[in-house]
Amino acid sequence: MPSSLVRRSARSGWVWILPALLAAILGATAGRAQQAAPSNPPAGAVEEIPSPRRLNAASDSEAGTPGLSLPDALRWTIEHNPQLATLRKQRGIALAGVVIANTYPFNPIFQHFVWGAIGPAPTVTNHVFNEHTTRQDIELFGQGKYRRAMAQAALTRTEWEIAAQELLTAIQMVRAFDTVLYRQDKLRVQEELLSLQEDVMKKVEPLVQQGHLPRTELMLARADLIDARTALGPARNQLVVAWNDLRRLLGMVDEHCSLQGSLEAAFPDLGKVDLVAEAEKRRPDLHGLEEAIKETQAALRLQIANRWGNPSLGPAMEVNETSVAFAGMWLIWSPPIFNTRKGEIMQRQADVGRAMQAARSLGITIHQDVLAALKRLESAAEAVEMYRTKSLPELRKDLEGFDQLFKRGEPGVTLARVIAIRTRLIQTRSAYLDALFELSQARADLAAAVGDPSLTVPLPALAAAPPHPH
């Protein structure tokens, strides 16, 4: 687990950044599974598209490569992403600032003057004229308190900024993870369409040669086969690009692994949770701006206190050429008479106002992001449900009916129509994958808006049982 998630300064207390990101992801999803009924797809809908989870499991056993689940990928990204590792070094700089603020900024000044005194004997009785002073700059207006508060706020702000980048990277990884699953499924659908077109060619060609079908049918079948083969290349390229994007976020170079997951997995029902309030509690960038306000307020107080200057005070001793000894005090002070630091104070006040406005603006943006993500999620869920409950089951029913009519030799039910409905079913399954991918992206939007990556983690398989009756 990265140090920035667990180590916090003793002064600022423990700052729990991304509470559900690492170990709490599994616990959070398991807890939601006990409280909410999972939105499992109907039994008939799962059969329409081969389950990526089952296909991945088969490929794992065949290739012997390790499978990577979404929670494991999240944990790996947070621990091994090179950009995050670089950003975490910023905390050391901020921590050094706390050490500097806790250290008194001024050292004592020792000043010594020694001269040789030359003159008539009655006048000069001490031929070594010497003067010694010791001075110390003193903070009289609480500058040290403000300086320490400013450094501590800067440290906490840096930690929240690191957490904000961790959240952003985690959401990017989730999107890349789902994109790989999506591209894998799209490639399988395209391969299935190609297989269908190849079977069509095998069936149409002898029928044309025997004179049962016109030659135009063979030409159309060959054109469809060429289209299917042509589309296979871009589908493979898109999968390669998706894998490269995922490896970049995981911090991998050319490691090989398969993914354990499915776009059809069940997710927790959010119910009536006030997601705006949750976002205000969880969003690390908002907490970072709140600490920035404290930092700028401390800087303003420090600037007001510094306008009075720091008196330099200390003892002094002198023995002159007549052997007369002097002892007393030195005081050096620059009072704000001509320059009251008004401009500098106005700058710090402007910094405070800007930090407050940034926090208010982000609060409005969070509200907008949550509502927009909920609307996108609702719209995407409706589209997925339409495919699951209407489009795919009805097309499958029509396909079965066409197959039966074709076997009985029903007039008007030609091979071309049977092939057309099979092609339409495959294309509808491809559109269903598009809807599932849109739903996954909407869920990632909501997780980013709330600041909780666990919203993108599917429920465990054992959590598919219905909840206990109340």
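A few points on the structure.

Definitions and limits used
Residues numbered from 1 in each chain as written. Predicted model: local features only at pLDDT ≥ 70, side-chain atom pairs only at ≥ 80, totals over all residues. Heavy atoms only, no water. Phe/Tyr/Trp six-rings, centres within 6.5 Å; stacked < 30°, edge-to-face > 60°. Helix = DSSP H or I, 4+ residues; strand = E, 2+ residues; numbered from the N terminus. Buried < 20%, exposed > 50% of the residue type's maximum accessible area, 1.4 Å probe, protein only. Lys NZ or Arg CZ within 6 Å of the ring centre and 35° of its normal. Salt bridge = Lys/Arg side-chain N within 4 Å of Asp/Glu carboxyl O. Pairing = 2+ DSSP bridges.

### Thoughts on the packing of aromatic side chains
The geometry of an aromatic ring pair is captured by the separation of the ring centres together with the interplanar angle, meaning the angle of the planes.
Point 1. Throughout the structure, instances matching the rule amount to six aromatic pairs.
Point 2. Measuring from ring centre to ring centre gives 4.3 Å for tyrosine 182 and phenylalanine 437, while their planes differ by 20°; the resulting arrangement is stacked. Here tyrosine 182 is found in helix H7 (residues 143–209), whereas its partner phenylalanine 437 is found in helix H12 (residues 415–450), with 255 residues between them in sequence. Each member of the pair, tyrosine 182 as well as phenylalanine 437, is classed as buried.
Point 3. Taken together, the ring pairs in this structure connect Phe113, Trp115 and Phe129 into an aromatic cluster.
Point 4. The ring of phenylalanine 267 carries arginine 443 above its face, with NZ or CZ at 3.5 Å from the centroid.

### Regarding the pattern of salt bridges
Point 1. For the coordinates displayed, the defined rule picks out 21 salt bridges.
Point 2. With a shortest N-O distance of 2.8 Å, glutamate 159 and arginine 91 are connected by a salt bridge. On the criterion of sequence distance, the pair formed by glutamate 159 in helix H7 and arginine 91 in helix H6 (residues 82–102) is long-range, its members being 68 residues apart.
Point 3. One salt bridge connects lysine 186 with aspartate 434, and the closest N-O pair in it is separated by 3.1 Å. Placement of lysine 186 in helix H7 and of aspartate 434 in helix H12 is noted, with a sequence separation of 248 residues between them.
Point 4. With a relative accessible area of 18%, lysine 186 lands in the buried category.
Point 5. Given the relative accessible area of 33%, aspartate 434 is considered partly exposed.
Point 6. A cluster of three or more residues bridged by salt bridges with shared partners is formed by Arg175, Arg376, Glu438 and Asp445.

### Details of the pairing of strand E5 (residues 312–319)
Point 1. Here six bridges tie strand E3 (residues 128–137) to E5, and the two strands are oriented antiparallel to one another. Opposite aspartate 137, over in E5, you have serine 312 as the bridge partner.
Point 2. Sheet topology note: the E5/strand E6 (residues 325–332) ladder contains eight bridges and is antiparallel. Looking at the pairing, proline 315 lines up with methionine 329 of E6.

### Observations regarding the pairing of E6
Point 1. Burial analysis of E6 places just zero of its eight residues in the buried class, a small minority of the element.
Point 2. The antiparallel hairpin formed by E5 and E6 contains five residues in its connecting segment, where serine 323 sits at a positive phi of about 70°.

### Side note on the environment of leucine 155
Point 1. The residue leucine 155 is located in helix H7 in this model.
Point 2. Residues leucine 155 and glutamate 295 lie 140 residues apart in sequence; the distance between their C-alpha atoms is 9.5 Å.

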